[in-house]
Amino acid sequence: MVARKLDPDGRVYVTNFISDRLLLFGATGDLSRRMLLPSLCALDVEGLLDPKIEIIGTARSELDDQGFRNLARQSLEQFLPVDRRGGMATFLNRLSYQALDANRIEGFQALADKVGTPQEGLSIFLSTAPSLFEPTIHGLGQSGLAGSNVRIGLEKPLGIDLASSRVINDAVATAFPEPRIYRIDHYLGKETVQNLLALRFANLMFEPLWNAAHIDHVQITVAETVGLEGRVAFYDDAGALRDMVQNHMLQLLALVAMEPPVSYDATNVRDEKVKVLRSLRKVRVGETVTGQYRAGAIGGQAVPGYDDELGKDSDTETFVAIKAHIDNWRWQGVPFYLRTGKRLPRRTTEIVVQFRSVPHSIFTGRGAKMVPNRLVIGIQPSENITLSLMAKVPGLDREGIGLRSIPLAITMPDAFAGPQRRIAYERLLLDLIEGDQTLFVRRDEVEAQWDWIDAIRAGWEEQQLEPRTYTAGSWGPSAAIALAERDGVTWHE
Ligand code: BG6
């Protein structure tokens, strides 16, 4: 049963239809080849896609259906593990292709003809250059591909600042109401990121302690070993702050810091996240450190510096550390230390929740040293949860009581050996096809994120801040260590 509702502008939109057509813009691009086609194939092989679904790819390249299927087959062979490609032939048969130059409006009619008339609905996934967003939306609107049974997924980057993101969002809003817009932040598709909600809201023991009275600080690290990966032009215009903090890291922060939502649905979860994002205090320049890597070595392999990879000098940051504050009741006085960078010693995404000391130690007179509890949530590549607890060292205590911090550790793949480990896009594509917005980013969230980021950039520009250099394979400039050490905090490594 398909429900029809009105959006705030009085336009009808259809909810809860399962799309039987999927239209991929940027279908021959890197994201499509590495993530989207493999995710869709994996879902199909497991019988999770509507058996009727047809997938239409479009991009500028002049390919026919068979050419696109060949490209898809090569991508699957390269990027999907062999045990997940069992029914690949059936999947490939679902694919067709229509070449399109999105700047030429006349091409859209042929695209609409190729898509045909879906029985229930159409989902569109846009992963194109930002400059093509507006003409694409216009073309979709003109050719009847933005009807009430069409939803649209938008891949980042959606702008480079608040103003440009508004232009894009306004353009999209001319053809699609917000309930049919699915802004992707692929971190939300990661199982361990969703597990943050389970950890916080499916357990009684954390929530009473999850506040300024009991938490000293929080650290969020997203470290990468890769460098530019051939994305020279894009990355040099973006930098780490826009590429990673504006979206993924702020979403992680919001999930850690938000109030308990009324229920696990798109409105309630996003209402709580946006409140956190709006509570972020404007950061002072002294609370940020930027860096750019120079030649070094990672895992014993020599790697070039950023300027060598780029072929010119640049003042783009490949590393950023920020001391953030959330100005609300729960988090007053609790710093959130964020850091992300390319060419760091190892790939790791983790969240560290550092609890305060016990208010009074009964063991002091017996010589025991106390270490405050700490919760470490490993998001990737290790998926684990480690709570450090104080325990007594076995013994007769003739020379005082020995206490030691020991880990209570859960390794997620061991705890859940059965379920398939999935690509984040599997979850997001399925949610797009089926119409669940919970793990997609709402416009007000994006705008609150940009607002905060823009103020940081403005501060850098005003002070003419240049990134400090760091050696590839190190944890960034030493000033990033000092940023935390000044407060008596050591980055978790
Ligand atoms: C992307 C960034 O959004 O996320 C890349 O543009 C980054 O620069 C990537 O490498 C990291 O994603 P993941 O899933 O590998 O942590």
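If you're wondering where the values come from, they're calculated on a predicted model, not measured in any experiment.

Chemist: What exactly am I supposed to notice about the site of the ligand here?
Modeler: The environment of the ligand is made up of Lys156, His186, Tyr187, Lys190, Glu224, Arg231, Asp243, Met244, His248, Lys342, Arg347 and Gln380. Between the ligand and histidine 186, the relevant distance is 2.8 Å, taken from an oxygen atom to a side-chain nitrogen or oxygen of the residue. A distance of 2.7 Å is found between an oxygen atom of the ligand and a side-chain nitrogen or oxygen belonging to glutamine 380. Burial of the ligand by the surrounding chains reaches 83%, relative to a free accessible area of 400 Å². Ranked by the residues each element gives to the shell around the ligand, the list is headed by helix H8 (residues 232-257), at three residues.

Chemist: Looking at this structure, I do not really get the environment of arginine 94. What am I missing?
Modeler: Position of arginine 94 among the secondary structure elements: in the loop between helix H3 (88-93) and strand E5 (95-99). Along the primary structure arginine 94 and arginine 21 are separated by 73 residues, whereas in three dimensions their C-alpha atoms are 9.8 Å apart. Non-local contacts of arginine 94, meaning those with residues more than four positions away in its chain, are made with Asp44, Asp50, Pro51, Lys52, Ile53, Glu54 and Ile55.

Chemist: Quick question: what am I supposed to make of empty space enclosed by the protein here?
Modeler: Over the atoms, a rolled probe matching the size of one water molecule traces out where space is still vacant. All chains considered together, the criterion is met by two cavities of 30 Å³ or more. Taken as a whole, the largest cavity spans an internal volume of roughly 60 Å³. Lining the largest cavity are Leu188, Val193, Gln194, Leu197, Leu255, Tyr264, Val269, Lys273, Thr438 and Leu439. Put simply, the parts of the chain that give the lining of the largest cavity at least two residues each are helix H7 (191-201) and helix H9 (266-278). The dominant element in the lining of the largest cavity, judged by the number of residues it contributes, is H7, at three residues. Partitioned by chemical class, the residues of the lining of the largest cavity number seven nonpolar, two polar and one charged. Element by element, the count of residues in the lining of the second largest cavity is highest for H7, at three residues. When grouped by side-chain class, the residues that make up the lining of the second largest cavity number three nonpolar, four polar and no charged.

Chemist: Got a minute to help me understand the sheet that holds strand E3 (residues 21-25) in this structure?
Modeler: Adjacent strands of a sheet pair through backbone hydrogen bonds, lying either parallel or antiparallel. Reading across the sheet, the six strands line up as E5-E4-E3-E6-E7-E8 and stay open at both edges, with parallel pairing between neighbours. Because the sheet does not close on itself, it has two edges, and the strands there are E5 and strand E8 (181-183). Sheet twist, expressed as the mean angle between neighbouring strand axes with direction ignored, is 20 degrees. Both E3 and strand E4 (residues 54-59) contribute to a ladder of five bridges, which runs parallel. In the sheet register, leucine 23 faces E4, and the bridge partner there is isoleucine 56.

Chemist: So what exactly am I meant to see when it comes to the pairing of strand E14 (residues 336-341) here?
Modeler: Residues in a regular strand point their side chains to alternate faces of the sheet. Counting buried residues along E14, six of its six residues qualify, which places the element largely inside the surrounding structure. Of the two faces of E14, the one carrying Phe336, Leu338 and Thr340 and the one carrying Tyr337, Arg339 and Gly341 are both buried. Inspection of the sheet shows strand E9 (residues 215-223) paired to E14 by six bridges, in the parallel sense. Paired with threonine 221 across the bridge in E14 is arginine 339.

Chemist: Quick question: what am I supposed to make of the packing of aromatic side chains here?
Modeler: Centre-to-centre distance and the angle between the planes together describe a pair of aromatic rings. Across all of its chains, the model carries nine aromatic pairs by this definition. A centroid spacing of 6.2 Å and a plane angle of 70 degrees characterise the contact between phenylalanine 206 and tryptophan 210, whose relative ring orientation is edge-to-face. What makes phenylalanine 206 buried here is its relative accessible area of 9%. Here the aromatic residues Tyr235, Tyr293, Tyr306, Phe319 and Tyr470 are joined through ring pairs into a cluster of three or more. Positioned over the ring face of phenylalanine 17 is arginine 151, at 3.7 Å from the centre of the ring. Sitting above the plane of the tyrosine 187 ring, lysine 190 keeps its charged end 4.6 Å from the centroid.

Chemist: Help me understand the nonpolar core, please; the structure alone is not making it clear to me.
Modeler: If you look at soluble globular proteins, the nonpolar side chains tend to sit buried side by side. Grouped together as the largest cluster of nonpolar side chains are 115 residues, with contacts concentrated most on Val245, Ile322, Phe336, Ile351, Leu375 and Trp452. With 13 residues, H8 is the single largest residue contributor to this core. Once you skip the residues sitting within four places of it in the chain, tryptophan 452 turns out to touch Val245, Leu250, Leu280, Arg281, Lys282, Val283, Ile322, Ala324 and Leu338. Within the second largest apolar cluster, 27 residues are counted, among which are Phe25, Leu111, Val115 and Ile168.

Reading the values: rules and limits
- Residues numbered from 1 in each chain as written.
- Predicted model: local features only at pLDDT ≥ 70, side-chain atom pairs only at ≥ 80, totals over all residues.
- Heavy atoms only, no water.
- Near = heavy atom within 4 Å.
- Polar contact = N/O pair within 3.5 Å; in protein donor to acceptor, adjacent residues only side chain to side chain.
- Areas by Shrake-Rupley, 256 points an atom, 1.4 Å probe, with all protein chains shown as cover.
- Helix = DSSP H or I, 4+ residues; strand = E, 2+ residues; numbered from the N terminus.
- Contact = heavy atoms within 4.5 Å.
- 1 Å grid on protein atoms, 1.4 Å probe; cavity = no way out; pocket = protein on both sides within 12 Å on 5 of 7 lines; lining within 4 Å.
- Points joined across faces, edges and corners; volume = space filled by probe spheres on them.
- Nonpolar A, V, L, I, M, F, W, Y, C, P; charged D, E, K, R; others polar.
- Pairing = 2+ DSSP bridges.
- Axes fitted to C-alpha atoms, helices over the stretch in contact; angles between N-to-C directions.
- Buried < 20%, exposed > 50% of the residue type's maximum accessible area, 1.4 Å probe, protein only.
- Phe/Tyr/Trp six-rings, centres within 6.5 Å; stacked < 30°, edge-to-face > 60°.
- Lys NZ or Arg CZ within 6 Å of the ring centre and 35° of its normal.
- Core = buried A, V, L, I, M, F, W, Y, C linked by side-chain atoms within 4.5 Å.

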